[in-house]
Amino acid sequence: MIETKDILETIQMIQDEHLDIRTTTMGISLIDCIDADINKAAVKVYDKITAYAEKLVPTAEQIEKELGIPIINKRIAVTPIAMLCGACPSSDPIKFAYALEKAANEVGVNFIGGYSALVQKGFANGDYSLIESIPRAMAETNHICSSVNIGSTKAGINMDAVKKMGVIVKQTAELTKDRDCIGAAKLVVLCNAPEDNPFMAGAFHGVGEPDCVINVGVSGPGVVRAAIAKAPDNATVNDIADLIRRTAFKITRMGQLVAQEASKRLCVPFGIVDLSLAPTPAVGDSVAHILEEMGLSQCGSAGTTACLAMLNDAVKKGGVMASSHVGGLSGAFIPVTEDAGMIDAARSGCLTIEKLEAMTSVCSVGLDMINIPGDTSAEVISAIIADEAAIGMINSKTTAVRVIPAIGKKAGEELQFGGLLGGGPVMKVNTADPSKFIHRGGRIPAPIQSLKN
Amino acid sequence: MRAVITVVGKDTVGILAKVSTFCASHNVSITDVTQTVLQDMFCMIMICDTKDLNCPFGEFVDEADKIGADNGLSVRVMHEDIFNSMHRI
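Remember, predicted model here, so these are calculated numbers, not experimental data.

(A) Fine view of the overall build of chain B. Secondary structure summary: chain B contains 3 helices and 4 strands in total. Scaling as 2.2 N^0.38, a compact globule of 89 residues should have a C-alpha radius of gyration of about 12 Å, and chain B matches this with 13 Å. Expressed as a percentage of the 89 residues in chain B, the buried residues total 45%. Counting only carbon and sulfur atoms, one obtains 52% of the accessible surface of chain B, whose full area is about 4,400 Å². Of the side chains in chain B, 7 bear a positive and 12 a negative charge, and the two mean positions are spaced by 4 Å.

(B) Region of the structure containing the interface of chain A and chain B. Each side of the interface is counted separately: chain A has 26 residues, and chain B has 29 residues. Carbon and sulfur atoms supply 67% of the area that chain A and chain B bury against each other, a total of about 2,600 Å² over both sides. Between K65(A) and D62(B) there is a salt bridge; the shortest N-O distance is 2.9 Å. Seen at the junction of chain A and chain B, the total is 7 residue pairs in polar contact (both at pLDDT 80 or more). At the level of secondary structure, the elements contributing two or more residues to the side of chain A that touches chain B comprise α1 (4–16), α3 (56–67) and α9 (237–266) of chain A. Tallied by class, residues from the side of chain A that touches chain B come to 14 nonpolar, 5 polar and 7 charged.

(C) Molecular detail of a nonpolar patch on the surface. Taken together, I31(A), I34(A), M83(A) and V207(A) make up a surface patch of nonpolar side chains, about 300 Å² in accessible area. What makes M83(A) partly exposed here is its relative accessible area of 31%.

(D) Quick peek at the domain arrangement of chain A. Residues and elements named next belong to chain A. Partitioning chain A into domains gives domain 1 (27–60 + 75–191) and domain 2 (216–439). Inter-centroid distance (C-alpha atoms) of domain 1 to domain 2 is 24 Å. Contacts between domain 1 and domain 2 engage 30 residues on the former and 37 residues on the latter. Interface area, domain 1 with domain 2, both sides summed: about 2,600 Å², of which 72% is carbon and sulfur. The largest per-residue losses of area from domain 1 upon contact with domain 2 belong to K170, D180 and C191, which jointly make up 22% of the total buried on that side. At the boundary of domain 1 with domain 2, the tally comes to 0 salt bridges. Our count for the contact surface shared by domain 1 and domain 2 stands at 10 residue pairs in polar contact (both at pLDDT 80 or more). Elements supplying a minimum of two residues to the side of domain 1 that touches domain 2: α3, β4 (144–152), β5 (156–158), α7 (159–175) and β6 (187–191). If one sorts the elements of the side of domain 1 that touches domain 2 by residue count, α7 sits on top with 10 residues. Classifying every residue of the side of domain 1 that touches domain 2 by side-chain character gives 18 nonpolar, 5 polar and 7 charged.

(E) Structural view of the nonpolar core. The biggest cluster of nonpolar side chains holds 135 residues, and the ones touching the most others in it are Y115(A), I150(A) and L311(A). For this core, the leading source of residues is α9(A), giving 11 residues. Two domains share this core, each providing at least three of its residues, namely domain 1 (27–60 + 75–191) and domain 2 (216–439) of chain A. With residues up to four places along the chain from it excluded, the contact list for L311(A) reads V224(A), I244(A), L277(A), V287(A), I290(A), L291(A), M294(A) and A332(A). If you look at the next biggest cluster of nonpolar residues, it comprises 22 residues, including V28(B), F60(B), A64(B) and V75(B).

(F) Looking closely at the pattern of salt bridges. Residue and element names in this part refer to chain A. Taken as a whole, this structure holds 27 salt bridges over all chains when the rule is applied. Among the salt bridges present, the one from R136 reaches D92, with a minimum N-O distance of 3.1 Å. Taken as a pair, R136 in helix α6 (residues 127–140) and D92 in the loop between α4 (81–85) and α5 (94–107) lie far apart in primary sequence, 44 residues in all. Given the relative accessible area of 32%, R136 is considered partly exposed. Judged by its relative accessible area of 31%, D92 is partly exposed. Between E261 and R265 there is a salt bridge, with its nearest N and O atoms 2.9 Å apart. With E261 and R265 both in helix α9 and 4 residues apart, the pair spans about one turn of that helix. The class of E261 is buried, set by a relative accessible area of 14%. Where salt bridges share partners, they join E66, E261, K264 and R265 into one cluster.

(G) Fine view of the side chain of S146(A). All names here are of chain A. Looking at the secondary structure, you find S146 in strand β4. For S146, a relative accessible area of 0% corresponds to the buried category. If we skip the residues at most four places from it in the chain, S146 touches Y115, S116, I134, M138, K186, L187, V188 and A201.

(H) The arrangement of the layout of surface pockets in detail. Residues and elements named next belong to chain A. There is about 600 Å³ of room inside the largest pocket. Contributing elements (two or more residues each) for the lining of the largest pocket: β2 (71–78), β6, β9 (367–373) and β10 (399–406). Here the residues of the lining of the largest pocket are counted per class, giving 20 nonpolar, 10 polar and 7 charged.

(I) Up close: the packing of aromatic side chains. One pass over the full model with this rule turns up 4 aromatic pairs over all chains. Between F22(B) and F60(B) the ring centres are 4.8 Å apart and the planes differ by 10°, which places this aromatic pair in the stacked class. Of this pair, F22(B) sits in helix α1 (residues 15–25) while F60(B) sits in helix α2 (residues 57–70), and the two are 38 residues apart along the sequence. As far as burial versus exposure is concerned, F22(B) and F60(B) are alike and both buried. Between the aromatic rings of F57(B) and F60(B), the centroid separation amounts to 6.5 Å while the plane-to-plane angle is 50°, which identifies the pairing as tilted. A residue pair is termed a helical-turn pair when its members lie 3 or 4 positions apart in one helix, as F57(B) and F60(B) do in helix α2 at 3 residues. Note that K102(A) overlies the ring of Y46(A), its terminal NZ or CZ placed 4.5 Å from the centroid.

Parameters at a glance
Counting starts from 1 at the beginning of each chain's written sequence and moves along it residue by residue. Ligands are numbered from 1 and chains lettered from A, in the order in which they are written. Totals for whole chains, interfaces and linings use every residue, but because this is a predicted model, local features are given only for residues with pLDDT of at least 70 and side-chain atom pairs only at 80 or more, for both listing and counting. Hydrogens and water are ignored here; the side-chain numbers use all heavy atoms of the structure. Helix numbering and strand numbering both begin at the N terminus, where a helix is a DSSP run of H or I of at least 4 residues and a strand a DSSP run of E of at least 2. In this treatment the radius of gyration is a C-alpha quantity, and the globule benchmark scales as 2.2 Å times the residue count to the 0.38 power. Buried residues are those whose accessible area, probed at 1.4 Å on protein chains only, stays under 20% of the maximum for their type, while exposed residues exceed 50% and partly exposed ones sit between those limits. For the accessible areas, the method is Shrake-Rupley and the probe is 1.4 Å, while residue cover comes only from the protein chains on display. In this charge count, Lys and Arg are treated as positive and Asp and Glu as negative; neither His nor the chain ends contribute. To locate a charge, the coordinates of NZ of Lys, CZ of Arg, CG of Asp or CD of Glu are taken. By definition, residues are in contact when any of their heavy atoms lie within 4.5 Å. We define buried area as the total accessible area lost by two parts upon association, computed with a 1.4 Å probe and summed across both. Whenever a carboxyl oxygen of Asp or Glu lies within 4 Å of a side-chain nitrogen of Lys or Arg, that contact is scored as a salt bridge. Polar contacts, as counted here, are pairs of nitrogen or oxygen atoms within 3.5 Å of one another; within protein the pair requires one atom able to donate a hydrogen and one able to accept it, and residues that are adjacent in sequence qualify only if both atoms are side-chain atoms. Asp, Glu, Lys and Arg are counted as charged, while Ala, Val, Leu, Ile, Met, Phe, Trp, Tyr, Cys and Pro are counted as nonpolar; the rest, among them Gly, fall into the polar class. Residues enter a patch when their relative accessible area is above 30% and they make no salt bridge; the linking distance is 9 Å between like charges and 5 Å between nonpolar side chains (Val, Leu, Ile, Met, Phe, Trp, Tyr). Domain start and stop positions are those given by an automatic or database domain assignment. Definition used in this section: a nonpolar core is a set of buried Ala, Val, Leu, Ile, Met, Phe, Trp, Tyr and Cys residues joined via side-chain atoms within 4.5 Å. With a 1 Å grid spanning the protein atoms alone, the term cavity applies to any set of points in which a 1.4 Å probe fits but cannot get out, the term pocket to an open set with protein on both sides within 12 Å along at least five of seven lines, and the term lining residue to any residue with an atom within 4 Å of a point. Grid points are joined across faces, edges and corners, and a volume is the space filled by probe spheres set on the points. For this analysis, a ring pair means two rings from Phe, Tyr or Trp (six-membered ring only for Trp) whose centres lie within 6.5 Å, classed as stacked if their planes differ by under 30 degrees, edge-to-face if by over 60, and tilted for the remaining angles. For a Lys NZ or an Arg CZ to count as sitting over a ring, it must be within 6 Å of the ring centre and within 35 degrees of the ring normal.

As structure tokens, this is what we get:
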């Protein structure tokens, strides 16, 4: 028998604490669309996506209605497009971006991720031309997300790619400067990119994945914050960790149910549940506020890294038991412009990029959705990417950089993207010149996996 | 299949009658009703059997939502699976 208090708790989580399924993402392999003629390949890409994902949006909406759980985004992740470009090296890869955009409009999804290249050990045919086309692709499309994996624990860090990506990030912002540089908000540079991540902008369909798969990303920072708020002031950190675990369990069970239903109705195998705390700019849906509820006066103060480490770990411990397959990024996201508490902390100066970098060593992703001054040099952006990739490489975790150079703006001014991407202040960056290091190029060797101190 | 109907808001005369008439008109049998007060708000929970529902489930959800809107209340219909999966191992 279902108990009244359980029903009321669920209703309250959904109605007042912003509990939702953040995304139902269909992964589609495009390996069989490879063709030496890019026009033929683009048609195959469009046909395959629209055939496989035809029912994705209506099915997700049906599940949303029956279970009474909001499913915020319906997305698609595809095979890294650079792999398709390899077969037609003399053609302009942007034709694939147009095909993806057309397919996204046809099936009604919010985003398609996978305008990507994996270059952690070097550039294969197609990788370089795809990377060069990213600024135009981000400027000329609205639903495409791009990612480039430039490092891994097994391969080291491709510093040639790091150098290139500093330039590409800046160009992407330049080409969309009339729209608050939004192009750069759809581009992420990764180290140790997961192949089954359902979240944007880093989602792509890895080569080891099946032909088609359903991955689900849950959310719920508001629910965790509310649970901690109910704890007495004298609750120990153990008690708080236990509360987070219990809450993460419930959230993930909901994600598992939605994933199973979607998988059954679409006749597509269930991949993973990504149990991430993904904030939105809405009040009460903030990861920063969870840290503040734990006892910090403001996110960014001393103690922030410790609180975030505990939160990240407790979310995983609670979620792992609730789902048959956990994967993706799984943990706590700390995007600045997408999180009301982070925005406030950045505005007040309590949260700095240096502190965010420390936080990325214990959170699930990296430097995410950070506005930086428009005059920041490409070399400094590359060096930020290299620092972040080094944290990921050494600690065997995913790290990422999604910074938005605010063209024509200085620290303290603001960018507004709207929707889930939010908006926020331009943050100060250390501009001391790392050019000589960045221009050396080459590859940082893969790290030793023992003698861990 | 069973559904859970929750009515949350300011108590109004005849709301139980309206919701139960709505259920009957769709061939939905009410198996249990409880009432409680949640943060000063009236809260009624009905467990229903929807196996003989005479319209698509989505339409039933929309109509319930409309009854809620017309009466200044929140009326939600949710499949029981969501509660079982969140609160049972």
